[in-house]
Amino acid sequence: MANKQGSLGDRFAEFTVILVTVIALAAGWFYKSGVENASVPFEAEGVSAQAPKGWLSSEPSGEELFRAVDRNSSGFGTTYTIRQIAVTSEATASEVASAVALKNAQELLAFRILEQQEVLDSNGRSAFMIEYVYVESNPDLTHAELPSVVRGMDLVYLNGERALVVSFHADENNFELDLERFHTFLKSVTY
């Protein structure tokens, strides 16, 4: 057999192809990360946050200051909400969390609490966390869809005579995948 060695030009071409491929993959990854993490500012009644860009947002109404839904989610659309509840200055976070859980139990189908405890969020702020599941079914009878099992998390923050409830709801299959993105959103919330 003949021992075939490539010329210097052939080796340079192979190295160039590998280098261009690595650069293209890195550029694509940075572009993808930039698009996924793009945000738009939100502010209402002294509460501000960086809402995910491209999500459907609704106008504030009643207790709800902010609601954004990821229209690209599979199953139940991943949703972030911020609510403001008037409380007395003597109220504790666990008391407010109990009231929030009771309201959820009355309004959500097959509501079950998985975990509740005092936590420190990613910014070091004290909050009371409630993690739960419920069943969401489409009320539109023209759609033949199976109900979705939704996991939710409410973080209750006390701020004087108001409590802020920052909520995260996602399809059970997407909850863990979307949790990191929610923590990024949570870091941007100021009050």
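About the cut-offs
- Residues numbered from 1 in each chain as written.
- Predicted model: local features only at pLDDT ≥ 70, side-chain atom pairs only at ≥ 80, totals over all residues.
- Heavy atoms only, no water.
- Helix = DSSP H or I, 4+ residues; strand = E, 2+ residues; numbered from the N terminus.
- Contact = heavy atoms within 4.5 Å.
- Core = buried A, V, L, I, M, F, W, Y, C linked by side-chain atoms within 4.5 Å.
- Buried < 20%, exposed > 50% of the residue type's maximum accessible area, 1.4 Å probe, protein only.
- 1 Å grid on protein atoms, 1.4 Å probe; cavity = no way out; pocket = protein on both sides within 12 Å on 5 of 7 lines; lining within 4 Å.
- Points joined across faces, edges and corners; volume = space filled by probe spheres on them.
- Nonpolar A, V, L, I, M, F, W, Y, C, P; charged D, E, K, R; others polar.
- Pairing = 2+ DSSP bridges.
- Phe/Tyr/Trp six-rings, centres within 6.5 Å; stacked < 30°, edge-to-face > 60°.
- Lys NZ or Arg CZ within 6 Å of the ring centre and 35° of its normal.

A.B. asks: Lay out the overall build of the chain with the relevant residues and their values.
C.D. replies: Scanning the chain from terminus to terminus reveals three helices and nine strands. The N-to-C order of helical and strand elements in the chain reads α-β-β-β-β-β-α-β-β-β-β-α. Contacts in the chain between residues at least 24 apart in sequence constitute 49% of all its contacts with a sequence separation of at least 6.

A.B. asks: Before we move on, could you go through the nonpolar core and cite the residues and values that matter?
C.D. replies: In terms of nonpolar packing, the biggest core is built from 26 residues, with Phe42, Phe66, Ile82, Leu155, Val166, Phe182 and Phe185 touching the most fellow members. Those elements that provide at least two residues to this core are β1 (39-44), β2 (47-52), β4 (64-69), β5 (79-86), β7 (126-136), β8 (148-159), β9 (162-171) and α3 (175-188). Here this core takes five residues from α3, the largest share from any one element. Contacts of Phe182, omitting those with residues within four sequence positions, involve Tyr80, Met153, Leu155, Val166, Ser167 and Phe168. Counting residues in each nonpolar core, the second largest holds 19 residues, with Phe76, Ala93, Val96 and Val165 among its members.

A.B. asks: Describe the layout of surface pockets, naming the residues involved and giving the relevant values.
C.D. replies: The calculated volume of the largest pocket comes to roughly 350 Å³. Lining the largest pocket are 18 residues, and of these Glu64, Arg67, Arg83, Glu107 and His169 sit closest to its centre. Across the lining of the largest pocket, the residue classes tally to four nonpolar, six polar and eight charged.

A.B. asks: Go over the pairing of β4 with me, naming the residues and quoting the values.
C.D. replies: Examined bridge by bridge, strand β3 (residues 56-58) and β4 share three bridges and lie antiparallel to one another. Paired with Leu56 across the strands is Val69, a residue of β4. Taking the residues between adjacent antiparallel strands as the criterion, β3 and β4 are bridged by five residues, where Gly62 takes a positive phi near 60 degrees. Strand direction decides the pairing type here: β4 and β5, joined by five bridges, are antiparallel. Looking across to β5, one finds that Glu64 is bridged to Arg83.

A.B. asks: Go over unusual backbone geometry, please, and point to the residues and values.
C.D. replies: Even without being glycine, Glu45 reaches a positive phi, approximately 50 degrees. By the element assignment, Glu45 lies in the loop between β1 and β2. Owing to a relative accessible area of 56%, Glu45 belongs among the exposed residues under this scheme. A positive phi angle, near 55 degrees, is found at Ala110, a position not held by glycine. Its location among the elements puts Ala110 in strand β6 (residues 109-120).

A.B. asks: I'd like a rundown of the packing of aromatic side chains, residues and numbers included.
C.D. replies: For the coordinates displayed, the defined rule picks out 12 aromatic pairs. Between the aromatic rings of Tyr80 and Phe185, the centroid separation amounts to 4.8 Å while the plane-to-plane angle is 25 degrees, which identifies the pairing as stacked. Here the residue Tyr80 occupies a position in strand β5, and Phe185 occupies one in helix α3, the gap between them amounting to 105 residues. You'll find Tyr80 and Phe185 in the same group, each marked buried. Taken together, the ring pairs connect Phe42, Trp55, Phe66, Tyr80, Phe168, Phe175, Phe182 and Phe185 into an aromatic cluster. The residue whose ring lies beneath Arg125 is Tyr157, and the NZ or CZ to ring-centre distance is 5.2 Å.

In short, shape yes, function no, at least from these values alone.
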